[in-house]
Amino acid sequence: MSDKLHWDDALADLNLTQDGPINIGYLCTDRNVERGLGDKTALIHQGHGGALGKFSFIDLKELSGGWAAFLEDRGVGSLDRVCLFLDRVPELYIGFLGILKLGAVVQPLFSAFGDESLISRMEDSGAVAIITQRKHLGKVRKVRDRLPELTMVVVIDQTDAHKPLRDGEVAFDMETGRNADFIPAATGAESPSVLHYTSGTTGKPKGALHVHESVLAQYLTTRDVLDLKPEDVYWCTADPGWVTGTSYGIIGPWTLGATQFVLDAGFSSAAWYQAMSDHKVSVWYTAPTAIRMLMKDGAELVKEYDLSALRHMCSVGEPLNAEGVLWGREAFGLDFHDTFWQTETGAMMITNMPGMTVKPGSMGKPFPAVEAAVVDADTGIRIDEPNTVGMIAVKPPWPSMMRTYWNNSATYYGKFLNGWYICGDRASIDNDGYFWFSGRDDDVINTGGHLVGPFEIESALLEHEAVAESAAIGKPDPVNMEVVKAFVALKPGFEPDDDMELSIMNFIRKKLSPLAMPQEIEFMEKLPKTRSGKIVRRMLKAKERGEEIGDTSTLDDD
Ligand code: WT7
């Protein structure tokens, strides 16, 4: 298939060679200056209260160089893990690039994470440094004792007016730390770059490790699926604590030299439309939950804003239902183009390309450089029969494929079957080759496009003083697709009342994150278990959905 797009087609565009150095930090910054884009706006940043910041590619080069030099001076070496624990402030985006320029591994952490979420991810990665801001410093201080490898906490907004920092904490002001001369590390295609943690059914979150070569896939899919052109203003609504916010909120767009808009503020339909109008956003990458939230405020509201610049819209993270696409047509006169991929795949795998007929409710077709199929769950053999559900599978390798799960190669190898990478989702393919999502093949909860592991929630619940047994499942939700529902058996002497419910909810919100917080808690005398004592989520799920629970005597000892 000689006319098929190949990942290596990106090499020439990015002025790279097969065996030469490849550094994502450099490609997003210095390279753009070298090719004459230095004065072009790279980042339009709108903070809380509407404060605006603008950064050119020269700014990006010098500020990321400053980050790299600062970390290097303090002993951070290549391959060291450096965490970002920041709201969507400019330092998050530019620090990310600085860490990569240094040749270190960047580990983004969602800024709403609580202590337990931080510990499980940082203990595993052995991060040496964390970059944060004063408002999150308390959470970092709370976990430091339990993280022996963490030797440096960098604070971006420390001033003389604040209480002095403690031992091991250091202030860094990005603006005064500029460095135009930093020479990016000559990392290779296989050099580790980004470490994103993702939740599974069992155990703690797993760190999907990516490498610098991933940029080839992120570049091509940004160019061809998001369709970014030099004159575009692009807005990715995802937070870089999650992979969409790095692959398509930093790497892809900036390797193309595009102008990105970032909004660091809570959700409001009116504020979103206002921002899109003010900054003339032309390409927009968002998620079904956000679309459903916008839908609630109606198509009429959209018409009150001048969104004439908007020309292309894409979606990711959860099934985009047909209603969302139809509403998009009515409200914006455009199609939302769904894309399917994962933290592990690093870049889009199944896409609706511009110009392709969108079938509302379908995820589209494999990106032209991707070979994807649905396969039998047991044998890994491709299912050729149309409209038959199987496991979504992708043929390795591709550049943005994770290279391993950090400290957990056994689980990584377990993701392959009969020469395919198995995504863990089920779908069918219609007669025209379009993929239709039918569900995840595990118990992971997808709430608003964010994956939450039931095991993490259950473990955290057990740390509450009143909880004896716990289970967490995803409960179907009209806006968020799923929300967390917890089942709890209390220890003797504790009352299952409203105060208890609130106390447990808050406990999880603080320990894990607002996403993981159960929206509902059902108290039970005892939870259904196998003979060996394992709690059976399957039964609780069936009960929740009003399905047949089945014969409980057949529960096996798994
Ligand atoms: C899981 C991956 C990489 C994007 C952000 C999420 C679900 C993702 C779709 C879609 C239906 C989707 C899958 C997948 N998912 N995109 N277009 N339609 N489901 O990354 O946190 O690793 O989650 O999100 O279940 O496996 P992630």
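Each remark here, short or long, concerns the structure printed above.
Residues numbered from 1 in each chain as written. Predicted model: local features only at pLDDT ≥ 70, side-chain atom pairs only at ≥ 80, totals over all residues. Heavy atoms only, no water.

A. Structural view of the overall build of the chain. When helices and strands are counted, the chain shows 17 helices and 27 strands. A globule of 558 residues ought to have a C-alpha radius of gyration of about 24 Å, and the chain, at 23 Å, matches this closely. Overall, the C-alpha framework of the chain stretches about 70 × 60 × 50 Å when taken along its three principal axes. Within the chain, buried positions represent 59% of all 558 residues. Contacts spanning at least 24 positions in sequence make up 68% of the contacts within the chain whose residues lie at least 6 apart. As displayed, the chain offers around 22,100 Å² of accessible surface, 50% of which is attributable to carbon and sulfur atoms. The chain carries 54 positive and 80 negative side-chain charges, and their two centres are separated by 2 Å. (Helix = DSSP H or I, 4+ residues; strand = E, 2+ residues; numbered from the N terminus. Rg over C-alpha atoms; globule rule 2.2 N^0.38 Å. Buried < 20%, exposed > 50% of the residue type's maximum accessible area, 1.4 Å probe, protein only. Contact = heavy atoms within 4.5 Å. Areas by Shrake-Rupley, 256 points an atom, 1.4 Å probe, with all protein chains shown as cover. Lys, Arg positive; Asp, Glu negative; His and termini not counted. Charge placed at Lys NZ, Arg CZ, Asp CG, Glu CD.)

B. Up close: the packing of helix 4 (residues 57-73) against helix 5 (residues 90-102). At a minimum axis separation of 7 Å, helix 4 and helix 5 run at an interaxial angle of 60 degrees. Judged by the inter-axis angle, helix 4 sits oblique to helix 5. The interaxial crossing formed by helix 4 with helix 5 has right-handed handedness. Between helix 4 and helix 5, the contacting residues are Leu60, Lys61, Leu63, Ser64, Gly65, Trp67, Ala68, Leu71 and Glu72 on the first element and Glu91, Ile94, Gly95, Leu97, Gly98, Ile99, Lys101 and Leu102 on the second. Here the residues of the contact of helix 4 with helix 5 are counted per class, giving nine nonpolar, four polar and four charged. (Axes fitted to C-alpha atoms, helices over the stretch in contact; angles between N-to-C directions. Parallel < 35°, antiparallel > 145°, perpendicular 65-115°, else oblique. Left-handed = near helix turned anticlockwise from the far one by under 90°. Nonpolar A, V, L, I, M, F, W, Y, C, P; charged D, E, K, R; others polar.)

C. Fine view of helix 16 (residues 498-511). Here helix 16 is 14 residues long and its end C-alpha atoms lie 20 Å apart, about the 20 Å a rise of 1.5 Å per residue gives. Listing the buried residues of helix 16 in full gives Met500, Ile504, Met505, Ile508 and Lys511. The arc that holds the buried residues of helix 16, viewed along the axis, is 140 degrees, so those residues lie on one side. Turned more than 90 degrees away from the buried face of helix 16 sit Asp498, Asp499, Leu502 and Lys510, all of them exposed. (Expected span 1.5 Å × (residues − 1). Arc of directions from axis to C-beta.)

D. Broad picture of empty space enclosed by the protein. If you walk through the whole model with that rule in mind, you get four cavities of 30 Å³ or more. Approximately 80 Å³ is the volume attributed to the largest cavity. Lining the largest cavity we find Phe113, Ser117, Arg121, Ser199, Trp242, Leu451, Val452, Glu456, Leu512, Ser513, Leu515 and Ala516. Every element with two or more residues in the lining of the largest cavity is listed here: helix 6 (115-125) and strand 24 (450-452). Here the lining of the largest cavity is composed, by residue class, of seven nonpolar, three polar and two charged. Residues from two domains meet in the lining of the largest cavity; each of domain 1 (9-371 + 398-411) and domain 2 (445-545) gives at least three. (1 Å grid on protein atoms, 1.4 Å probe; cavity = no way out; pocket = protein on both sides within 12 Å on 5 of 7 lines; lining within 4 Å. Points joined across faces, edges and corners; volume = space filled by probe spheres on them. Domains from an automatic or database assignment.)

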